[in-house]
Structures are given as structure tokens and as C-alpha cells.
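These are the residues of each chain, in order.
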Amino acid sequence: MKQWVFLFPGQGSQYVGMGREFYENYSEVRELFQTAGEILDMDLVKLCFEGPESELVVTENVQPAITAVNLACYTVLRLHEIYPAAAAGHSLGEYSALFAAGVLDFEDVMRLVRWRGKLMHEASLCEPGAMAAIMDLEEDRLREICTLCDVEVANVNSPDQIIITGRTGPVERAMTLSAESGAKKCIKLNVSGPWHSRCMMQAKEHFEPHVLRCSFRKPQIPVVSNIDALPLQSAEEVPRKLVEQICSSVLWRQSMEWLIRSGYDHFVEVGPKKVLRGLMRRIDRNVKVMSVEDSESLAAFLQTNRQP
């Protein structure tokens, strides 16, 4: 029996139409969308399947939308009796991983991601900024540049991709210095805020009371935390890590390396697009990595799972 690690994508993986096939083919997914919509008083069906994109990409909309689709894909895998041996989620995706591990219930997950998106959006209006992808620059050198320019590392995604974040001017200066230091590419990202930076401190502070109102349980499977790339050991540590995650770096490469060192070698991205699948191929090409987001990808995954 293959031991699959479920990887859940985060903000940036959205597209209009995501989740539609599973919604049309599974009554359990239709029920999930209906319940989520009632919890949040949102028309998630229209938002995910019809958009418009300008409305879908708004942070307070896209975070519950992606989470609903992640959990729809997770539900479909469970219906096919595929269960995670471990889990991780990229930034927002960590909430889906916590649900899969039995740490949070569905209602708390949906309410938290709605508040998280809303508060991050509000913080970005108070302290606007930018993010950029720096490709193929030695990490220690990039961290020196971040210190010089007063920006921060948002995501360590793979050995050749690190995302920086902060106020717009400093991010642009860091891009220039990175290019001069030998970075292959420096790409300014189309995002609406400086996520995972101290510019989000307002969101972090306002989010904490919402987190503390939730009930947390001990993980039933290993869940690797974004902020330290280590598995959660108890229910008690989860609230702090979720609050800290808003301003902290996402240590994705280190998280995947921990899982691989621990003996896991089958990974499946559970949710829209194939961003995490692509990153895994840049982290370690020796592991098996697939994705499930629609009927075609599900069929390919189930066929692979049946193979000895």
C-alpha cells in the first residue's frame, strides 16, 4: 500500500472553474460547498465556477474559495478510500492540511480562512507593498541583500526559487541587487500585498482572537508546519503557529526535505493547479509526485495508486 503525503496549495493557485467537475459529479462535494457557503454567507459556487476573476482574486474571497476546493478534492480522494499518511500545506494550504489531520473541524477552518483573508487585505491597504521571485541566487547572499534593503524572505519554495516581500521600494532595490549578484531571474509578482512580512503585523494581531476561539485536537497524522518545517506535536502549539505564520517565512523546501528524510516518497497535490507538484520536482526528482484537481487528474492518480 502506497503512503501518500497530501500537499495542499495556497493563494495564487486559483482559477475560475476550479472544482467544477467534482461538484457536478459528487453529491458530497455539492454538500460541502453548500455548507461552506452557509457558514460564511457566501456564494462559493458562483465565485469558484463563474468568477469573475477580478472578484475571485480578492484576498478575502480567494482564501475561502481555494480552501473549499482543496477540501472538495480531499473529499473525493476519501470517497476512493485514499487517506493521507502525512500532510502539509503552502501558507493558506496549511489550514486544509490541519483539517485532513483532524486538528480543526470544517466550520472552524472556513471561518478562520475567511477572517485571515479579510484581515490580510485590510493590512495591505494600511501598509502596501510588493513581492518578488528571485531565481537561482545562493540563499545566504539573498538573505544578506534582504537585510541591506530592509525586506524579508516570504517563501523558501525550492533550491532555485525564493520569494521576497516588503515595501515596494525596498523590494525593487533588492531585485536590482539580486540581479547584480547573479540571480538568473528577478520577477515582481502580481500580488495585492506584502504577504509574510512585518507589514502584516496588524493582521496578525487582529487574527489571534479568532484563532483562540477555535478548538484544536492533536494531529492524527504528521503535519509539517510552515514556520519551522517540523511536524506538529500537540494541539496546544497549533494556535501560536497559525498566528505567527501570517508574518513568518514559509519554509516549504525545508518542509519537503523533512518529509523525504522521514521516508515519504509519494506525494499528491490536492487542490487547484500544479504549483506544489512543480516545486517538488525542483526539490527532489526521485520522489513520486502527482496532483488531483479534476476527473482527468483523479483517473491518472488512481491508476498509479493501483500499480505495484
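Before reading further, recall that the structure is shown in the block above.
Treat the numbers as computed from the prediction; the structure is a model and nothing was measured.

Caption draft 1: A look at the overall build of the protein chain. From N to C terminus, the protein chain includes 14 helices and 8 strands. The globule rule puts the C-alpha radius of gyration for 308 residues at 19 Å, and the 19 Å found for the protein chain is close to it. With the C-alpha coordinates aligned to their principal axes, the bounding extent of the protein chain is approximately 55 × 45 × 40 Å. Scored against the burial criterion, the 308 residues of the protein chain give a buried share of 59%. Within the protein chain, residue pairs in contact and separated by at least 24 positions form 75% of the contacts whose partners lie at least 6 positions apart. Counting every atom, the protein chain has about 13,100 Å² of accessible surface; 47% of that belongs to carbon and sulfur. When the 33 basic and 41 acidic side-chain charges of the protein chain are each reduced to a single mean position, those positions are 3 Å apart.

Caption draft 2: Fine view of the sheet that holds strand β5 (residues 161-166). If you trace the 4 strands from one edge of the open sheet to the other, you get β4-β5-β3-β6, paired in antiparallel fashion. Of all the strands in the sheet, just β4 (152-158) and β6 (185-188) have a single pairing partner and so form its edges. Neighbouring strand axes in the sheet, compared pairwise and without regard to direction, differ in orientation by 20° on average. Against the sheet, helix α13 (residues 275-283) contacts β3 (130-135), β4 and β5, and its axis sits at roughly 75° relative to β4.

Caption draft 3: Focus on the pairing of β3. For β3, the buried fraction is high: 6 of the 6 residues fall into the buried class. Pairing between β3 and β5: 6 bridges, direction antiparallel. Its bridge partner lying in β5, Ala132 is registered against Ile164. One ladder, built from 4 bridges, connects β3 with β6; its direction is antiparallel. Looking across to β6, one finds that Ala132 is bridged to Lys188.

Caption draft 4: Structural view of helix α7 (residues 106-126). Counted at 1.5 Å a residue, the expected span for α7 with its 21 residues is 30 Å, and the 31 Å between its end C-alpha atoms agrees. Within the span of α7, buried status applies to Phe106, Asp108, Val109, Met110, Leu112, Val113, Arg116, Gly117, Leu119, Met120, Ala123 and Ser124. Buried residues along α7 sit against α2 (27-40), α3 (44-50), α5 (59-79), α6 (93-100), α10 (201-212) and α11 (238-245). In this structure Asp105 caps α7, since a side-chain oxygen of it lies 3.3 Å from the backbone nitrogen of Glu107.

Caption draft 5: Structural detail: the pattern of salt bridges. Under the definition given, this model contains 16 salt bridges. With a closest N to O distance of 3.0 Å, Arg143 and Glu139 form a salt bridge. Residue Arg143 and its partner Glu139 are both found in helix α8 (residues 139-149); the two are separated by 4 residues, about one turn of the helix. On the accessibility criterion, Arg143 (33% relative accessible area) is partly exposed. Between Lys241 and Asp228 there is a salt bridge, with the nearest N and O atoms lying 2.7 Å from each other. Note that Lys241 is positioned in helix α11 and Asp228 in the loop between α10 and α11, a separation of 13 residues in sequence.

Caption draft 6: Inspection of the packing of aromatic side chains at higher detail. Summed over the entire model, instances satisfying the criterion amount to 10 aromatic pairs. Seen from their ring centres, Phe99 and Phe106 are 6.1 Å apart, and the 70° between their planes marks the pair as edge-to-face. Look at Phe99 and you get partly exposed, because its relative accessible area is 22%. Since its relative accessible area comes to 16%, Phe106 is described here as buried.

Caption draft 7: Region of the structure containing the packing of α5 against α7. Packing of α5 against α7 brings their axes to within 7 Å, and their N-to-C directions diverge by 150°. Between α5 and α7, the interaxial angle falls into the category roughly antiparallel. Viewed along their axes, α5 and α7 form a crossing whose handedness is right-handed. From α5, Thr59, Glu60, Asn61, Gln63, Pro64, Thr67, Ala68 and Leu71 reach across to α7, where they touch Phe106, Val109, Met110, Val113, Arg114, Arg116, Gly117, Lys118, Met120 and His121. By residue class, the composition of the contact of α5 with α7 is 8 nonpolar, 6 polar and 4 charged.

Thresholds applied
Residues numbered from 1 in each chain as written. Predicted model: local features only at pLDDT ≥ 70, side-chain atom pairs only at ≥ 80, totals over all residues. Heavy atoms only, no water. Helix = DSSP H or I, 4+ residues; strand = E, 2+ residues; numbered from the N terminus. Rg over C-alpha atoms; globule rule 2.2 N^0.38 Å. Buried < 20%, exposed > 50% of the residue type's maximum accessible area, 1.4 Å probe, protein only. Contact = heavy atoms within 4.5 Å. Areas by Shrake-Rupley, 256 points an atom, 1.4 Å probe, with all protein chains shown as cover. Lys, Arg positive; Asp, Glu negative; His and termini not counted. Charge placed at Lys NZ, Arg CZ, Asp CG, Glu CD. Pairing = 2+ DSSP bridges. Axes fitted to C-alpha atoms, helices over the stretch in contact; angles between N-to-C directions. Expected span 1.5 Å × (residues − 1). Polar contact = N/O pair within 3.5 Å; in protein donor to acceptor, adjacent residues only side chain to side chain. Salt bridge = Lys/Arg side-chain N within 4 Å of Asp/Glu carboxyl O. Phe/Tyr/Trp six-rings, centres within 6.5 Å; stacked < 30°, edge-to-face > 60°. Parallel < 35°, antiparallel > 145°, perpendicular 65-115°, else oblique. Left-handed = near helix turned anticlockwise from the far one by under 90°. Nonpolar A, V, L, I, M, F, W, Y, C, P; charged D, E, K, R; others polar.

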